[in-house]
Each structure stands twice: as structure tokens, then as C-alpha cells.
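Structural features, examined
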Amino acid sequence: MLALQDVHTHYGLAHILSGVSMEVHRGEVVALLGRNGAGKTTTLKTVMGLVTPTSGAVRLGDEEITGRPPYRIARAGVGYVPEDRRIFTELTVRENLEVGRQPPREGCPVWTEDQVFELFPALAEMRDRLGGQMSGGEQQMLTIARTLMGNPAVILLDEPSEGLAPVIVEQMARAISELKREGLTVLLSEQNLPFCSAVSDRAYIIEKGVIRYEGPMHELLARPRVLEQYLSV
Amino acid sequence: MEFYLVQALNGLASASSLFLVASGLSIIFGVTRIVNFAHGSFYMLGAYIAYTLVQVLPPGAAGYWAAVLGAALAVGLIGAAVELLLLRRIYRAPELFQLLATFGLVLVVADLVLMIWGPEDLLGPRAPGLRGSVMILGEPFPTYELFMIALGPLVLGGLWVLFHRTRWGTLVRAATEDREMVGALGVNEAWLFTSVFVLGSFLAGLGGAVQLPREAVNHTMDLHIIAEVFVVVVVGGMGSILGAFLAAVLISELNAFGILIFPEITLVLVFLIMAAVLIFRPWGLLGRPEGPPRAPAGEHEPPLRLLGRGFLYFCLAVLAAAAVLPHLLPTYYIRIACEVLISALFAASLGFMMTVGGMASFGHAAYFGLGAYGAALAVTYAQVGTGLGLAAALGLGLAGAVLFGYFCVRLSGVYSAMLTLAFAQIVYAVLFQWYGITGGDNGLLGIWPSDWVSSPLAYYYLTLAVVAVSLFLLRRLAFAPFGYSLRAGRDSALRSEAIGIHVRRVRWVGFVIAGFFAAAAGGLFAFLKGSVFPDYSSIPVSVDSLVMVLLGGVQTLSGPIVGAGVYKVLEVFVNRYTEHWQLILGCVLVGLVILFPQGILGYLVGRFGRSGEEWRGVDGAPAGGRAA
Ligand SMILES: Nc1ncnc2c1ncn2[C@@H]1O[C@H](COP(=O)(O)OP(=O)(O)OP(=O)(O)O)[C@@H](O)[C@H]1O
Ligand SMILES: [Mg+2]
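The rules we used
- Counting starts from 1 at the beginning of each chain's written sequence and moves along it residue by residue.
- Following the order in which they are written, the chains are lettered starting with A and the ligands numbered starting with 1.
- Thresholds applied to this predicted model are a pLDDT of at least 70 for local features of residues and 80 or more for the giving and counting of side-chain atom pairs; totals over whole chains, interfaces and linings are not thresholded and use all residues.
- Water and hydrogen atoms play no part in the side-chain values, which are based on all heavy atoms of the structure.
- Labels follow the DSSP assignment, with helices taken as runs of H or I lasting at least four residues and strands as runs of E lasting at least two, numbered in each case from the N terminus.
- The globule rule used here is 2.2 Å times the number of residues to the 0.38 power, and the radius of gyration it is set against is calculated over C-alpha atoms.
- Three exposure classes are used, based on accessible area relative to the maximum for each residue type with a 1.4 Å probe and protein chains only: buried under 20%, partly exposed in between, and exposed over 50%.
- Contacts between residues were defined by any pair of non-hydrogen atoms, one from each residue, lying within 4.5 Å.
- Shrake-Rupley sampling with a 1.4 Å probe provides the accessible areas, and residues are treated as covered by the protein chains on show and by no other component.
- Definition of nonpolar core: a set of buried residues of the types Ala, Val, Leu, Ile, Met, Phe, Trp, Tyr and Cys, connected through side-chain atoms within 4.5 Å.
- Throughout the structure description, domain borders are defined by an automatic or database domain assignment.
- By convention in these notes, a residue is near a molecule or strand provided one of its non-hydrogen atoms lies within 4 Å of it.
- Polar contacts, as counted here, are pairs of nitrogen or oxygen atoms within 3.5 Å of one another; within protein the pair requires one atom able to donate a hydrogen and one able to accept it, and residues that are adjacent in sequence qualify only if both atoms are side-chain atoms.
- Only Asp, Glu, Lys and Arg are considered charged in this grouping, and only Ala, Val, Leu, Ile, Met, Phe, Trp, Tyr, Cys and Pro are considered nonpolar; every other residue, Gly among them, is considered polar.
- Paired strands are those between which DSSP finds at least two bridges.
- Throughout, an axis means a line fitted to C-alpha atoms (over the contacting stretch in the case of helices), and angles, computed between N-to-C directions, take values from 0 to 180 degrees.
- Salt bridges are defined by distance alone: a side-chain nitrogen of Lys or Arg within 4 Å of a carboxyl oxygen of Asp or Glu.
- Accessible-area loss on putting two parts together, using a 1.4 Å probe and summing over both, is the definition of buried area adopted here.
- Handedness of a crossing follows from how the near helix is turned relative to the far one, being left-handed for an anticlockwise turn of less than a right angle and right-handed for a clockwise one.
- Because water is not among the atoms used, a metal site may look incomplete, as its donors are only the N, O and S atoms within 2.8 Å, or 3.2 Å for Na, K and Ca.
- A helix is expected to reach a length of 1.5 Å times the quantity of its residues less one.

Remarks on the overall build of chain A
Across its full length, chain A carries ten helices and ten strands. For 233 residues, the compact-globule estimate of 2.2 N^0.38 gives 17 Å, and the C-alpha radius of gyration of chain A, at 17 Å, lies within 12% of that figure. Its C-alpha atoms give chain A principal-axis dimensions of roughly 45 × 35 × 35 Å. Within chain A, buried positions represent 57% of all 233 residues. Counting only contacts in chain A whose residues sit at least 6 apart along the sequence, the fraction spanning at least 24 positions is 69%. Accessible surface for chain A amounts to roughly 9,800 Å². Of this, 47% is attributable to carbon and sulfur atoms.

Description of the nonpolar core
The nonpolar side chains of soluble globular proteins are, as a tendency, buried together. Counting 242 residues, the largest nonpolar core has Leu156(A) and Phe362(B) as its most contacted members. Residues lining this core come from more than one domain, with at least three contributed by each of domain 1 (2-224) and domain 2 (328-539) of chain B. The contact partners of Leu156(A), leaving out residues within four places of it in the chain, are Leu2(A), Leu44(A), Val47(A), Met48(A), Val78(A), Gly79(A), Tyr80(A), Val81(A) and Leu187(A). Counting 46 residues, the second largest nonpolar core, distinct from the first, contains Met126(A), Ala173(A), Ala203(A) and Leu227(A).

Quick word on the site of ligand 1
In the neighbourhood of ligand 1, 14 residues make up the surrounding shell, with Gly37(A), Lys40(A), Thr41(A), Thr42(A) and Glu83(A) lying closest. Each of chains A and B places residues next to ligand 1. Note that an oxygen atom of ligand 1 is positioned 2.7 Å from one of the backbone N or O atoms of Gly37(A). The separation between an oxygen atom of ligand 1 and a polar side-chain atom of Lys40(A) is 2.8 Å. Considered on its own, ligand 1 offers 630 Å² of accessible surface; in the complex 62% of this is hidden by protein. The greatest single-element share of the shell around ligand 1, amounting to three residues, is contributed by helix α1 (residues 40-48) of chain A. Looking at side-chain class alone, the shell around ligand 1 contains four nonpolar, six polar and four charged residues.

Overview of the sheet that holds strand β2 (residues 14-24) of chain A
All names here are of chain A. Judged by pairing direction, the sheet is antiparallel, and its four strands sit side by side in the order β2-β1-β4-β5 without closing on themselves. A strand with exactly one partner marks an edge of an open sheet, and here the two such strands are β2 and β5 (63-64). Inspection of the sheet shows strand β4 (residues 55-60) paired to β5 by two bridges, in the antiparallel sense. Residue pairing in the sheet places Arg-59 in a bridge with Glu-64 of β5. Contacts from α1 reach β1 (2-11), β2 and β4 within the one sheet, and its direction differs from that of β1 by about 110 degrees.

As for the pattern of salt bridges
Any two side chains of opposite charge can pair, so long as their charged atoms come close to each other. Scanning the model with the defined rule gives 20 salt bridges over all chains in all. One salt bridge connects Arg181(A) with Glu178(A), and the closest N-O pair in it is separated by 2.7 Å. You can see Arg181(A) and its partner Glu178(A) sitting in helix α7 (residues 166-181), three residues apart, about one turn around the helix. Residues joined in a network through salt bridges with shared partners are Glu339(B), Lys529(B), Lys568(B) and Glu571(B).

Section: the interface of chain B and chain A
It is common to give the size of an interface as the accessible area lost on bringing the parts into contact. In this complex, chain B contributes 18 residues to the contact, which on the side of chain A involves 22 residues. Between chain B and chain A the total buried area reaches about 1,900 Å² when both faces are included, carbon and sulfur atoms providing 55% of it. The interface formed by chain B and chain A holds four salt bridges in total. Among the ionic pairs, Arg173(B) bridges to Glu95(A), the shortest N-O distance being 2.6 Å. Summed over the shared surface of chain B and chain A, the result is twelve residue pairs in polar contact (both at pLDDT 80 or more). If you list the elements that add at least two residues to the side of chain B that touches chain A, you get α6 (167-177) and α7 (179-184) of chain B. Broken down by element, the side of chain B that touches chain A gets its largest block of residues, six residues, from α6(B).

Let's talk about the packing of helix α22 (residues 539-552) of chain B against helix α23 (residues 559-577) of chain B
When two helices pack together, their arrangement is given by the angle between the helix axes and the distance between those axes. Residues and elements named next belong to chain B. At a minimum axis distance of 7 Å, the contact between α22 and α23 shows a crossing angle of 115 degrees. Considering only the axes of α22 and α23, their crossing is right-handed. Taken together, the residues of α23 that come into contact with α22 (itself represented by Asp-544, Val-547, Met-548, Val-549, Leu-551 and Gly-552) are Gly-559, Pro-560, Gly-563, Ala-564, Val-566 and Tyr-567. The residue makeup of the contact of α22 with α23, split by class, is eight nonpolar, three polar and one charged.

Re helix α3 (residues 93-100) of chain A
Among the eight residues that make up α3(A), seven are buried, leaving the element largely enclosed by the rest of the structure. Tucked into the core, α3(A) has its buried residues touching α4 (113-119) and α6 (136-148) of chain A together with α5 (143-165), α6 and α7 of chain B.

Looking at the coordination of the magnesium ion (ligand 2)
All names here are of chain A. Binding of the magnesium ion (ligand 2) to the protein goes through Thr-41 (OG1) and Glu-83 (OE), at separations of 1.8 to 2.4 Å. In this pair, Thr-41 is assigned in helix α1 and Glu-83 in the loop between β6 (78-81) and α3, connecting sequence segments 42 residues apart. Residue Glu-83 is classed as partly exposed on the basis of its relative accessible area, which comes to 28%.

Re helix α4 (residues 95-117) of chain B
All names here are of chain B. In this model α4 runs 33 Å from its N-terminal to its C-terminal C-alpha over 23 residues, within 8% of the 33 Å that 1.5 Å per residue would give. With 18 of 23 residues buried, α4 lies mostly within the body of the structure. Gly-118, located one to two residues past α4, shows a positive phi value of around 75 degrees.

Focus: the domain arrangement of chain B
Residue and element names in this part refer to chain B. In terms of domains, chain B is made up of domain 1 (2-224) and domain 2 (328-539). Computed over C-alpha atoms only, the centres of domain 1 and domain 2 are separated by 34 Å. Taken together, the contact pairs ten residues of domain 1 with ten residues of domain 2. Counting the surface lost from both domain 1 and domain 2, the interface buries some 880 Å², and carbon and sulfur atoms represent 89% of this. Contact with domain 2 buries area across many residues of domain 1, yet Leu-96, Phe-103 and Leu-223 alone supply 45% of it, more than any other trio. Where domain 1 packs against domain 2, one counts zero salt bridges. Along the contact surface separating domain 1 from domain 2 lie zero residue pairs in polar contact (both at pLDDT 80 or more). With five residues, α4 is the largest single contributor of residues to the side of domain 1 that touches domain 2.

Some words on the sheet that holds strand β8 (residues 185-190) of chain A
Residues and elements named next belong to chain A. On the basis of which strands lie adjacent, the open sheet formed by six strands has the order β6-β7-β8-β3-β9-β10 and mixed pairing. Strands with a single pairing partner mark the edges of an open sheet, and in this sheet they are β6 and β10 (210-216). Averaged over all neighbouring strand pairs, the angle between strand axes comes to 15 degrees, with direction disregarded. Of the strand pairs in this sheet, β6 and strand β7 (residues 154-158) are connected by four bridges, and their pairing is parallel. Its bridge partner lying in β7, Val-81 is registered against Leu-157. α1 rests against β3 (29-33), β6, β7, β8 and β9 (202-207) of the sheet, and its axis sits at about 150 degrees to β7.

Encoded structure:
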């Protein structure tokens, strides 16, 4: 479904991703694990076209999407949930959802406002509240809901558990499992191993812009040495 | 009583037209973050095009209103072309260059308008159906003014519906906050920007078109309105449409009543109001503070370098050459050489505040003009000689810079740039309107130098001496502890505050220094020409100084001097062959911004990797310099 092939990305002169290759199959939830500054966000931004890779290719299905502007990558079916959420603070919850709304796409689950409210009931109770007046957890739900309104085929989730209370993290895990059931493909960047292991099928570990490990989630959990070396768990 | 009511209604009618233009500027800024200096030009084009369409279309109400709407639409289309051809290429360029490119557009439009419609004022017909007047409390009041009064709130309401009740409006408001995210959600921001720009231009065009029955169409409408519009958006708060409306009403009412009390200089009242608002609400009535400017990742200014002995010898050689030069030139060229020297000082003063202080001014001519008038007023009213005349120039320039600088350094980025321009326009208006003292547009004549410097050669040496000493002082200041504080404030205001630098005060002093030396240039210029005119502080003169600085490159201290030389010589020669210097300059500006966003010297240095005069070598080592 989504594939990166030997992707190199620079910020100015700094070489951040050095030949990242990974693949996410249809209907999978794949975790991208790594410490702070390992290059997780950069990987997702590269897929989204928010930074342009210096070499390598990103494919969605049979289409190569490398170098396209972000809006075209979004329209091709990639949904992006940024790490810092980037809610429109001056817009209400419903207006935030409206910005994300895109026409239905063939072969992708279709989301309506009512359906995302069903997924995140807390949001339904604050439809007309301004984005800037919501708690971190509520904003995290809204940013996912907003992306779902674009009816994506693949969704890139950047550290959805970061800074959230354990109860909310549990809700997030449930929501992600729900998305998987609906047939969505998810690439999840995380540092929170327990959260990841509950929802992911496979995992990649990235360190200093290089993929160091790849395998099914349960296999990774059975390798304490790998976990310790790359994730200090 | 009745009279006052009518006066208030007049104010409201003017407020509507001001609001139309200001809201357009504000909307465009909100989304694209570009202050479109050409917005006043769009307003002027709206008026001219409406004038022509009214002549062409069949007479009668339908034809008339079709002309008004057609003009607004035409300006909208022109806006689309400008966005697609120019702005799209420069959204990522530094702010200053964006402003400069739209400035170039102002010059181009101004010249084209002169070419197409000629210099005369054009009087349009009155609006069919709204020609008469109604009685209000026994006073006749023009019906058209009532229409204008209604138009403002109508447009305000329309814009509110557009922004809050349509998907397009929601997307635009979202893009105002976070463009990139809107794109990542699948919205084609490029087209969103274009449509916003078209709407803003349409409003400006409409504002111009509805002026047709109210005032004669003329080619100075652009700069006249843009200064007022800047005041309105600064007072109302950038990006706030309601704020623009409130500010437009406030300022227009002030003008309407101010004219009763202080008919000669109503703009002074406007200035006072603006000052009061900015002291209490630096971001305007309904504006929100801007975040700190986002510096692009991985880029920073190369540090200025103290120069070695080599550069000192070079300077002395240039000075010696300048001293010998007049003996080789005919008298006419001696005067041109004086002008070049004066321009160099003028540009260097602006360059100082931009390079060392990181503050841009779009109204540096204010201090040049104040300097010139300081000298001229002293000569005219106190019959002083050249020495005291120059001292008066410095005094008046200093006073202006102290006063205006106080406000300008409180703001940053585009706010500050707009404010500098508005102040310069105020100086211009005062010089222009205060007929009794300044002679209005006739200027003050007979400002000749005293006997001891009355020959061209002697005056040349005086100029050379003043300019050389000033340039030397500017340089010393840049490398004095004060200069370091100023640079620290430029690079990181927060961190400088943390180590105990009073950034605002340091900037204020920097601003005043720049104004002071600009006034010196203005004073020299007054005696060189023997006369002064309000034009000395007009926008084109401010642009000249900016162009000279940018031509040479903002990152070097002596760039502006090189820029001034190149620019002045070019101007003299181009003016010989064509009257369209403005058009050419405008095109050159736009072209330069697109091609060399670093300035010429900056470009050469970057291109050829030579460690240039003030540039740190590539390896970071001072290239043959001597440490401080
Ligand atoms: N805009 C930028 N300019 C320069 N370097 C950057 C930029 N953004 C990130 N980096 C650098 O790139 C590297 C990877 O950053 P990235 O944000 O991808 O890490 P991450 O794995 O997402 O970390 P975290 O868990 O903290 O979010 C880091 O060393 C970071 O300092
Ligand atoms: Mg990250």
C-alpha cells in the first residue's frame, strides 16, 4: 500500500534520513519506533511531502508520490496527523472537521461528521467549541477526526499518545483498533512501547535516520536486547 | 448641531470607502502574510477603469453600475495576474523583498496610469439615481453619501457571511492560522491564495470605482490612500476585518471634525490617535500579537567583520580619488558627484539600521525631508548661514527620528514597516499642507550656501567632508559596543533581554542614528539644489534609499554605498533617454527580487564564494582581518 524506497532527507546540510526503506501493507497497523530525534517525524513528513527527499521514492499503491505537493498527496489518500496536532484554534470543532473534509475516495472507508463523533463521543459534546479551548486529549481526538474526514486510505499518526493521561491513551488505542477494523492502513510513529504493542501488527525501529530492525510486533517484544539497545526499554 | 450631524455623516461616508480598501489589504495579509503596497494602486486602477467604462457603456443607471462592478472585477483579474506571475514566486522570499517587489509594482502602475490616462484630473459623472440630496434636520445631504454610508456596513456583513458561513471562508480562516496544515489536509493552498488575493483586489477596485462621483480621479490617489489604509489596518489590527471597520470610522470621523479645528494639518490628529492606540494596544484595536518571526531553518546572517588594514588603505585611496575627481570633471558633473555622495550617505544611514539593527524602513525619506526643511526653514526665517543651516537640519531630523522611532521600534516586521511609511506620509502631508510655513508644493526657494562654500568646487569639498566623516562614524558605531548590542537585539531579542540589553531602547537609538545621518544628507541636498520641496520626503524617495541598500546587499555595511553609486549613475543616464524611469525602476525591482533575493553584492559573494569585503570566509576564519 505505502512504500518508502531508499529515502534520503536533508534539512539544509544536515543529513537526517539515510536510506530509509519500509513498507506498510493494506489493512496493517505498523509502528515506527525510535528515540527522540531518531527521525520518525521526518519520515512521516517526507511521506506527506512536507519535506522533499533528496533521493529515493515514496509510493502509494502503484503511484509514485515523491515530490508532489502535500495537498496532492493528501488527495491521493494519505492522511496526516501531526505530532503537535495543529488544531485551528480559531475554528470550532465542526469547522475544523470541515477543513479536513474531502469527497469520498473509491476503496476507502467513508467518514461523515456523525461517524467521527461516534468514534470520539467526547467531541460530539463540544461541536461548537473553539479548537483553542480544548484540552490536549480532546485536541488529539480532533486532529485524528479531522484527518478521517478526508477519507484516507493510509493514515500517518505521529506520536498520538504523547503527553496524554493513561485513560486517554487507552481510548486512543481503542480508536486505532477501531480504524483497523474499518479497513484503514495505519503508520504509527511512537516511543510508547506498551501502547504500540497493543495495536500494531509489525514494527520498524529507526535510529539516526537508519532502519535498524524490522519484524512482527510480537517478535520484537520477545527480543529484550533489541529493545534495550534502540529504545532503552 | 445640525451641522455637526452632517459632518459626522460625511465622516461615515469616507469611512466606507476607506474600509473597502483596508479590508482588502487586511484579508490579503491575513492569508498570504504579504503586505501589498500595490493595494493603493489597485484602488486607483479601479477609479480609472470605472471612469473609462462609464464613458464606453451606454448611459443610464444600468450602464453606470455595470461600469462600477466591471471596474472592480477587472481589478480583481489584475490581482489574479499579479498573484500568479509575481507573488507565487516570492512567498518564500524574505519579508523585505516581498514588500519591495510590491513597491516595484506601485511604480509600474503609476507610470502606466500616466501613460494611459494622462496627468490631468478626470471628473467622472455622478451616479444616476443618486444625484440629488435629501434634507437631514434641515440641512441638504447628498444622496450618494447616504449610499456610501450604507455600503460599508453592507460589505462588512457580506464579508462576515463569506468567512463564517461558507466552506471557502472556513478554509481561508484555517489557512490564516496554519497554511501548511491546510495543504496537508488536501486543500490546494495555491488556489486558495489566488482567490483571496482576487477578493482583496476586487475590494480595492470597488473602493476606487465608488469614489468616482466623490472626487476627481487622479494619479496621486494610490499613495494618498495607501498611507491612510496603513494607518487604518495598523490601528484596527492586521488581519481583523471588524478592526479595519472600526479604525476606518474612527479615523474618518477624526478627519471630518479635525478639519474644523485644525484645517491645515488634520494628519497630525490622525497621527496622535494612531500613537495613542499603539501605546496601549501595540497590535491594534482588534489585532493579535504576531509570534516571533520564523527564521528559516539553518540560515543565519554571516557576522559583520571588522576590517583589516587593507580596507583602510582602500578607503583612503577612494577618498583621495574623490578629492581629485572634481578637477577632472566639468562643473555639471561636480554637482552630480555631490548628489552621488549625498545618496551614499542617505543609503548608508538606512543601511546601518537595516544591517546592524535588522529594522527596515519604508519611510526613510521622512528624515531626509526633515533635514532638508530644517536647513531651509532656518535659512528662510532666521537667515542663518550654511553651518547653522546644517545644524538645524540635524536638529529637525533628530527630533523627527526620536518621535517616530519611539513608535516604530515598539513594533516589528510588517507593522513597523507600515508605520515608517505612514510617518513619512505624515511628514510629507505636513510639508505639503502647512502652506504658511513651508510654502506647500511651491517649496522654499533661495536656499543657497554661504559665500565660503558657494562655488561648486567648495561645496563639493564640504559635501565630501561631511559624508566621509559621517560614513566613518556610522562604521565606528557599528563596531562599538552599542553596535554589538544592536546586532544582538536583531538576532535574538529574547536572549539579549536576558543578558541585560534593553533591546527596545537600543533599537530606538539605532533608529535615531539612522534618522540623524539621513537628515545630514537632506541638509546637504537642500543647499546643493538651492530649494526644498515636499517631494523630498515622498514615498519614491524612500524607495530610492531602499533600492540603493538592497542593490548593494543588506548583509554588508558598505553595500549601500556601492548601491547608491550604481543607482545614481544609472538614474542620471536613464533619465536622459526616457521619461519612464519609474516604470523601468519598478520592473527592475520586481526582476531583482525574483532573480537575486540577496542583493547584487550578496549575490556575487555567494556565487563566487570569494570571502567578500565584510564576509566571514567560508571556513569561518577572518579573511586577512585583524581581530577587534
Ligand atoms: N526543521 C529542522 N531543521 C533542522 N533539523 C531538524 C529539523 N527538524 C528536525 N531536525 C533534526 O532532525 C532529526 C530528526 O528529527 P525528528 O523530528 O524526525 O525526530 P523524531 O524521531 O520525530 O523525534 P521525537 O521523538 O522527539 O519527535 C533531529 O536530530 C532533529 O534535530
Ligand atoms: Mg517526532
